[in-house]
Amino acid sequence: MAKIRPGRVVVDYGEDLVVFTVGLRINRLWKVNKWLPVLGSLPKMLRELEADPELGLLDSRFAVSGRVIMAVQYWRSEDHLERYAHSQAHAHRGFWKWFNRNVKSNGDVGLWHELYQVPKGAYETSYINMPPYGLARATKEKEAARTDPDDHDHEHA
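Residues numbered from 1 in each chain as written. Predicted model: local features only at pLDDT ≥ 70, side-chain atom pairs only at ≥ 80, totals over all residues. Heavy atoms only, no water.

Participant: How do you make sense of the overall build of the protein chain when you look at a structure like this?
Facilitator: Scanning the protein chain for helices and strands turns up 4 helices and 7 strands. Walking the protein chain from its N terminus toward its C terminus, one meets helices and strands in the order β-β-α-β-β-α-α-β-β-α-β. For 157 residues, the compact-globule estimate of 2.2 N^0.38 gives 15 Å, and the C-alpha radius of gyration of the protein chain, at 19 Å, exceeds that figure by more than 25%. Once the C-alpha set of the protein chain is aligned to its principal axes, its extents read approximately 65 × 35 × 35 Å. Buried positions account for 36% of the 157 residues belonging to the protein chain. (Helix = DSSP H or I, 4+ residues; strand = E, 2+ residues; numbered from the N terminus. Rg over C-alpha atoms; globule rule 2.2 N^0.38 Å. Buried < 20%, exposed > 50% of the residue type's maximum accessible area, 1.4 Å probe, protein only.)

Spelled out as structure tokens, the structure:
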């Protein structure tokens, strides 16, 4: 079980970053030979990325909702993500070629991604009684200066 950090923490990170969500939707459950390889490719790529921090992935988490399996990823930059996606030496390129040969536009499996560029300081975080999670796990955390929602300055007291 993950170690819970009591109290409230916030992210301590002073760089730009990218939040990337990527996933698949199983459109035809009976087409296991189409969606299982797609599903299996996600952990393979993540293992490759985690093994080499220079590729730029800071952290990743899976989420499942019905027929949708997605990964929320934190990257150092869009350039890191693009270099990985287009590299001949890494798993993504081979997967994409397989997908285009075997699935492409037949409707058996849906794929999607969203990329959000986040300038340094353009985010707000709060983790209370949590193990390292999300952006705090991907970067660094620090104890929150304010712990009570009513513990702040009011212009009109």
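Participant: Explanation requested: the pairing of strand S3 (residues 57-65) in the structure shown.
Facilitator: On a regular strand, one side chain projects to one face of the sheet and the next to the other, so that they alternate. As paired elements, S3 and strand S4 (residues 68-75) share 8 bridges and run antiparallel to each other. Of the residues in S4, the one forming a bridge with Ala63 is Met70. (Pairing = 2+ DSSP bridges.)

Participant: What is the right way to look at the pairing of S4 in this model?
Facilitator: Across 8 bridges, the pairing between strand S2 (residues 17-26) and S4 is antiparallel. In the strand pairing of S4, Val19 is matched with Tyr74. In this structure, the hairpin formed by S3 and S4 is closed by a connection of 2 residues, where Gly66 is found at a positive phi of approximately 60°.

Participant: Even after reading the chapter, I still don't get the packing of aromatic side chains, so can you show me in this structure?
Facilitator: Two descriptors summarise a pair of aromatic rings, namely the distance from one centre to the other and the angle between the planes of the rings. If you walk through the whole model with that rule in mind, you get 5 aromatic pairs. Between the aromatic rings of Phe95 and Trp96, the centroid separation amounts to 6.5 Å while the plane-to-plane angle is 50°, which identifies the pairing as tilted. Judged by its relative accessible area of 12%, Phe95 is buried. With a relative accessible area of 39%, Trp96 lands in the partly exposed category. One aromatic cluster is present, built from ring pairs that chain together Phe95, Trp96, Trp98 and Phe99. (Phe/Tyr/Trp six-rings, centres within 6.5 Å; stacked < 30°, edge-to-face > 60°.)

Participant: What is the right way to read the sheet that holds strand S7 (residues 141-143) from this model?
Facilitator: Paired through their backbone hydrogen bonds, the strands of a sheet run either parallel or antiparallel. Overall, antiparallel pairing links the 3 strands, which are arranged S6-S1-S7 in an open sheet. Whereas interior strands pair on both sides, the edge strands pair on one side only; in this sheet they are strand S6 (127-130) and S7. Each strand of the sheet is rotated relative to its neighbour by a mean of 50°, with strand direction disregarded. Direction of pairing for strand S1 (residues 5-11) relative to S6: antiparallel, over a ladder of 3 bridges. Bridge pairing links Arg5 to Met130 in S6. (Axes fitted to C-alpha atoms, helices over the stretch in contact; angles between N-to-C directions.)

Participant: Help me understand the environment of Arg76 in this model?
Facilitator: Along the chain, Arg76 turns up in the loop between S4 and helix H2 (78-86). Under the relative-accessibility criterion, Arg76 is labelled partly exposed at 34%. Counting along the chain gives 20 residues from Arg76 to Trp96, while the straight-line C-alpha distance between them is 23 Å. In this structure, Arg76 is in contact with Asp16, Leu17, Pro53, Glu54, Gly56 and Leu58, ignoring residues within four places of it in sequence. At a separation of 2.8 Å, a polar atom in the side chain of Arg76 contacts the main-chain carbonyl oxygen of Pro53. (Contact = heavy atoms within 4.5 Å. Polar contact = N/O pair within 3.5 Å; in protein donor to acceptor, adjacent residues only side chain to side chain.)

Participant: Looking at this structure, how should I read the nonpolar core?
Facilitator: A general tendency of soluble globular proteins is for nonpolar side chains to be buried together. If you look at the biggest cluster of nonpolar residues, it comprises 23 residues, and the most contacted ones within it are Leu24, Leu49, Trp75, Tyr84 and Val109. For this core, the secondary structure elements donating two or more residues are S2, helix H1 (32-51), S4, H2 and helix H3 (91-102). Per element, the largest residue contribution to this core is 6 residues, and it comes from H1. Contact partners of Trp75, with chain neighbours within four places excluded, come to Leu17, Val18, Phe20, Leu49, Leu55, Gly56, Leu57, Leu58, His80, Leu81 and Tyr84. The next biggest cluster of nonpolar side chains, apart from the first, holds 12 residues, and it includes Leu58, Tyr74, Ala136 and Ala138. (Core = buried A, V, L, I, M, F, W, Y, C linked by side-chain atoms within 4.5 Å.)

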